[in-house]
Amino acid sequence: MIRKIGVLSLGKLMAIMYALIGALFGLLYALFALIGGGAMMAAGSGDAALGGGMMMGLGVAAVIVLPILYGILGFIGGLISALFFNLAARFAGGLEIEAS
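Residues numbered from 1 in each chain as written. Predicted model: local features only at pLDDT ≥ 70, side-chain atom pairs only at ≥ 80, totals over all residues. Heavy atoms only, no water.

**Here we look at helix H2 (residues 46-92)**
Residues spaced three or four apart along an α-helix face the same direction, because each turn holds 3.6 residues. The criterion, for reference: Per the convention used, a helix needs a DSSP run of H or I reaching at least four residues, while a strand needs a run of E reaching at least two, with both numbered from the N terminus. Given the number of residues in a helix, its expected span is that number minus one, multiplied by 1.5 Å. Here the bend at each residue means the angle between axes fitted to two seven-residue stretches, the one ending at that residue and the one beginning there. Only protein chains enter the calculation, and the probe is 1.4 Å; a residue is then buried if its accessible area is under 20% of its type maximum, exposed if over 50%, and partly exposed in between. Note on definitions: a residue-residue contact is assigned when non-hydrogen atoms from the two residues lie within 4.5 Å.
With 47 residues, H2 extends 65 Å between its outermost C-alpha atoms, agreeing within 8% with the 69 Å of an ideal straight helix rising 1.5 Å per residue. If you look at H2, its biggest bend is around 40°, right at Ala62. Buried residues of H2: Ala48, Gly52, Gly59, Ala62, Leu66, Pro67, Gly71, Gly74, Gly78, Ala82, Asn86 and Ala89, and no others. Looking at the buried side of H2, the elements it contacts are helix H1 (7-43). Two residues or fewer after H2 comes Gly93, characterised by a positive phi angle close to 95°.

**Details of the packing of aromatic side chains**
Heads up, the rule is: Pairing of aromatic side chains here covers Phe, Tyr and the six-membered ring of Trp, requires ring centres within 6.5 Å, and sorts the geometry by plane angle: under 30 degrees stacked, over 60 edge-to-face, intermediate tilted.
Under the counting rule described, the total for this entry stands at one aromatic pair. A centroid spacing of 5.8 Å and a plane angle of 80° characterise the contact between Phe25 and Tyr70, whose relative ring orientation is edge-to-face. Within this pair, whereas Phe25 is found in helix H1, its partner Tyr70 is found in helix H2, the two being separated by 45 residues in sequence. On the basis of relative accessibility, which here comes to 39%, the residue Phe25 falls in the partly exposed class.

Shape is all these values report; function is a separate question.
Spelled out as structure tokens, the structure:
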């Protein structure tokens, strides 16, 4: 029976899991931004080339920014979830888990 979850423990675990999800989304965003930006740059005119370069730069930045942002939000979500679980478990008596 689980009666209490460590708040910081769940926060750290959720931060790692969400940072990995953010890295996956960042890589996908970067892939499509690089393809789209390259196509815009190849299209020709100066404005399209500038926009394509900016798009490619945002794609590369997403690989760095999204894991950090998702990790921070995952940590905060984990803290809140653990607090709510501990509060609810006090009234309900805990969570029964059967493992074999």
